[in-house]
Amino acid sequence: MKKKWIMYLTVSTILILVFLYFYFRSTKIDAVKVKKQDYTEKILVTGTIQAKNFSILTSGINGVIENIYIREGQPVTKGSIVAKLNTQEIEADIAKVKALYEKSKYDLEVISSVSLENAKAQLKSAQINYDISKREFLDHEKLYQKKYISRLEFDSKKQEFINSEKTLKDAQINFNTFKNDGASYKSALENTNSAENNLKSLENNLSKYYICAPYDGFITVRNVEVGQTVAPYTEMFQISSSDEKIVSINLDEKYINKITFGSPIKIYPYADTSKFSSGNIYYIGINVDEINGTLEVRGDIDITLPEFLFNSTVNTIIQGESFKDAVLLQGVYTVQKKNKTYVYILKNDKSKLVEVQGVPVIDGFVVISGLENEDIVLSPKNITENIRVTPIFES
């Protein structure tokens, strides 16, 4: 009986010790201490240096390329000729129309000189006759008022004056008719105007045979060769301005909602973090590339570094969302359950699962609410809620 009690006591003691061991045993878990601070997300991407202004040079007419004067990468100045279409046919047309124009001008001058000369002589004679009749009429009027002549003599001189005035008016109308509305003159004038308009039209079209640079820059793309036939709107060259450069970025669509117009950026030469230039996002595309899942964004560059060569690759940091009094956690510290985010914290030496609100970022997860300063966040690996924990802080 005594042995039986001793065995029972021994077993009970062992069970109590095992229970106490497991009850008071503390699991060592990686942990971090909460420290709230302002946080700005940084989006790391690569970009390409491009010109801010670029244009596609196209043909305005049908034609055959006769010469190309500029090679890819070669600088051009505003108005310089990049390429020329064959102008043999239009130059022949211009020569013909120019000859017709010169002839029509000569015909107009001949008609004007002959018709107008007679009308001008008649007008001059009528003017002289009018001046004489007017002077005589005024003299006779004074004599009549003093009763030195009869009424009959006065009326006769008055009628001569009226007739001379009418003759002068008729001569003036006749002169204007020959000058402006004469049939021969009008026909010659119409021919001259028509020839002049045709000549101007051909000369304007001639300019379309020359492909010129719209501004200072350099040719970046050539799509045509000498001897090639082109049609209106054929894309022949791409020209980029040389005065201002930007960075073009193909941004992963998952970051679209994290940037806005004016978002600050930093641009570093590729594989060189010792120098950088700043800028801001000024363009955000509207269509996502369905193949690559990217969206084009562009940023200006405050200071263009010598390393920022056209088409060179650069590293770019885009400033994303900003948060005040937030906590940045590595993603491994969060637990996702039913579209909610939780973390384990240390409470009274035990693990406790709490819900937090925040947003995922490139660096992990930004907690906006649910944690307080000095809270200890535990790694969820190999733990459950309400177990005794010894935190091991990251060094």
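Predicted, not measured: the structure shown is a model, and the values here were computed from it.

**Q** What's the story with the overall build of the protein in this structure? I'm lost.
**A** Tallying secondary structure elements over the protein gives four helices and 21 strands in all. Across the 395 residues of the protein, 34% fall into the buried class. For the protein, contacts bridging at least 24 residues in sequence account for 75% of all contacts bridging at least 6. Carbon and sulfur atoms provide 52% of the accessible area of the protein, an area that totals close to 25,300 Å².

**Q** I keep staring at the pairing of strand S8 (residues 217-222) and nothing clicks. Help me out?
**A** Looking along a regular strand, one sees the side chains alternate between the two faces of the sheet. Pairing analysis gives two bridges linking strand S5 (residues 75-76) to S8, with the strands arranged antiparallel. Considered in S8, the bridge of valine 76 is made with glycine 217. Note: S8 against strand S10 (residues 235-241), five bridges, orientation antiparallel. Following the sheet pairing, glycine 217 is matched in S10 by serine 241.

**Q** Got a minute to help me understand the nonpolar core in this structure?
**A** Soluble globular proteins tend to pack their nonpolar side chains together in the buried interior. Within the largest apolar cluster, 27 residues are counted, with the highest numbers of intra-cluster contacts made by Ile65, Val82, Ile219, Val224, Phe237 and Ile239. Going through the elements one at a time, strand S4 (63-68), strand S6 (81-85), helix H2 (88-145), helix H4 (183-207) and S10 are the ones with two or more residues in this core. Every residue in contact with phenylalanine 237, bar those within four places of it in the chain, is listed here: Ser55, Ile56, Leu57, Ile68, Val82, Ala83, Ile211, Ile219, Val221, Arg222 and Val224. Counting residues in each nonpolar core, the second largest holds 19 residues, with Ile249, Ile259, Val297 and Ile318 among its members.

**Q** How should unusual backbone geometry be read in this particular structure?
**A** Across residues other than glycine, the phi torsion is negative in most instances, and most of the peptide bonds are trans. For lysine 147, which is not glycine, the phi dihedral falls at a positive 65 degrees. Note on placement: lysine 147 falls in the loop between H2 and helix H3 (151-181). In this structure lysine 147 comes out as exposed when scored by relative accessible area, which is 74%. One non-glycine residue, asparagine 339, lies in positive phi territory at about 65 degrees. With respect to the helices and strands, asparagine 339 occurs in the loop between strand S16 (335-337) and strand S17 (340-347).

**Q** In this structure, what is going on with the packing of aromatic side chains? I would like to understand it.
**A** For any pair of aromatic rings, geometry is given as the distance between the ring centres together with the angle between the planes. Applying the stated criterion across every chain yields a total of seven aromatic pairs. Look at phenylalanine 137 and phenylalanine 161: their rings are 5.2 Å apart centre to centre, the planes differ by 5 degrees, and that puts the pair in the stacked class. One end of the pair, phenylalanine 137, is in helix H2; the other, phenylalanine 161, is in helix H3, and 24 residues separate them in sequence. Phenylalanine 161 shares its class with phenylalanine 137; the two are buried. With a centroid separation of 5.3 Å and an interplanar angle of 40 degrees, the aromatic rings of tyrosine 268 and phenylalanine 276 are classed as tilted. On the basis of relative accessibility, which here comes to 15%, the residue tyrosine 268 falls in the buried class. Using a relative accessible area of 38% as the deciding quantity, one classes phenylalanine 276 as partly exposed. Taken together, the aromatic side chains of Tyr130, Phe137, Tyr144, Phe154 and Phe161 make up a single cluster linked through ring pairs. Positioned above the aromatic ring of tyrosine 282 is the side chain of lysine 52, whose terminal nitrogen or guanidinium carbon lies 4.9 Å from the ring centre. Here the basic side chain of arginine 298 rests over the ring of tyrosine 283, its NZ or CZ set 4.2 Å away from the ring centre.

Criteria and cut-off values
- Residues numbered from 1 in each chain as written.
- Predicted model: local features only at pLDDT ≥ 70, side-chain atom pairs only at ≥ 80, totals over all residues.
- Heavy atoms only, no water.
- Helix = DSSP H or I, 4+ residues; strand = E, 2+ residues; numbered from the N terminus.
- Buried < 20%, exposed > 50% of the residue type's maximum accessible area, 1.4 Å probe, protein only.
- Contact = heavy atoms within 4.5 Å.
- Areas by Shrake-Rupley, 256 points an atom, 1.4 Å probe, with all protein chains shown as cover.
- Pairing = 2+ DSSP bridges.
- Core = buried A, V, L, I, M, F, W, Y, C linked by side-chain atoms within 4.5 Å.
- Phe/Tyr/Trp six-rings, centres within 6.5 Å; stacked < 30°, edge-to-face > 60°.
- Lys NZ or Arg CZ within 6 Å of the ring centre and 35° of its normal.

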